[in-house]
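Chains, contacts and geometry: an overview
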Amino acid sequence: MFSTNVGTIDRAVRIILGLFLLALTMVGPQTPWGFVGLVPLLTGIFGTCPLYSLIGVNTCGTK
């Protein structure tokens, strides 16, 4: 469906950020805005970012 366009470091940062934002729904300010963390979490897990595809960005390095 989508090609991989998110590199290793980018994926790690997205997963960490996504988990942090999701944690905000349970601790801290307990705001529902923490569910925004699903976006970076899922793009990090699947290794593809639709926005990167639209603008032609690829952080995977050269192949």
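Here the residue numbering is sequential within each chain, running from 1 through the sequence in written order. Totals for whole chains, interfaces and linings use all residues, but because this is a predicted model, local features are given only for residues with pLDDT of at least 70 and pairs of side-chain atoms are given and counted only at 80 or more. Excluding hydrogens and water, the side-chain values take into account all heavy atoms of the structure.

Looking now at the overall build of the protein. Across its full length, the protein holds three helices and zero strands. Exposure classes here rest on a 1.4 Å probe applied to the protein chains alone. A residue is buried below 20% of its type maximum, exposed above 50%, and partly exposed in between. The buried share among the 63 residues of the protein stands at 29%. Two residues form a contact once any of their heavy atoms are found within 4.5 Å. Considering only contacts within the protein whose residues lie at least 6 apart along the sequence, 65% involve residues at least 24 apart. In this description, accessible areas are obtained by the Shrake-Rupley approach with a 1.4 Å probe, and a residue is regarded as covered only by the protein chains that are shown. Carbon and sulfur atoms provide 74% of the accessible area of the protein, an area that totals close to 4,500 Å². The helix count covers DSSP runs of H or I at least four residues long, the strand count covers runs of E at least two residues long, and both are numbered beginning at the N terminus.

Listed in full, the buried residues belonging to helix α2 (residues 38-46) are Pro40, Leu41, Thr43 and Gly44. Considering only its buried residues, α2 is in contact with α1 (8-23) and α3 (50-55). Backbone geometry just downstream of α2 places glycine 47 in the positive-phi region, at approximately 75°.

Turning our eyes to something else, we now look at unusual backbone geometry. Phi is positive for glutamine 30, close to 50°, though the residue is something other than glycine. Position of glutamine 30 relative to the elements: it lies in the loop between α1 and α2.

Moving on, we come to a nonpolar patch on the surface. Side chains of Phe35, Leu38, Leu42, Ile45 and Phe46 sit close together on the surface and give an oily, nonpolar patch of about 510 Å² of accessible area. Judged by its relative accessible area of 38%, leucine 38 is partly exposed. Residues forming no salt bridge and having over 30% relative accessible area are the ones grouped into patches, like charges within 9 Å of each other and nonpolar side chains (Val, Leu, Ile, Met, Phe, Trp, Tyr) within 5 Å. Criterion for a salt bridge: a side-chain nitrogen of Lys or Arg within 4 Å of a carboxyl oxygen of Asp or Glu.

Let's shift gears to the environment of leucine 24. One can find leucine 24 in the loop between α1 and α2. Put simply, leucine 24 and phenylalanine 35 are eleven residues apart on the chain and 8.4 Å apart in space, counted from C-alpha to C-alpha. For leucine 24, the contacting residues outside a window of four places in its chain are Pro29, Gln30, Thr31 and Gly34.

With that settled, consider the side chain of aspartate 10. Assignment of secondary structure puts aspartate 10 in helix α1. The contacts of aspartate 10, once residues within four sequence positions are left out, are Tyr52 and Thr59.

This next bit is on the environment of leucine 41. Mapped onto the secondary structure, leucine 41 falls in helix α2. Expressed as a C-alpha distance, the spacing of leucine 41 and asparagine 58, which sit 17 residues apart in the sequence, is 18 Å. Residues contacting leucine 41, with those up to four places away along its chain left out, are Arg14, Ile15, Gly18, Leu19 and Leu22.

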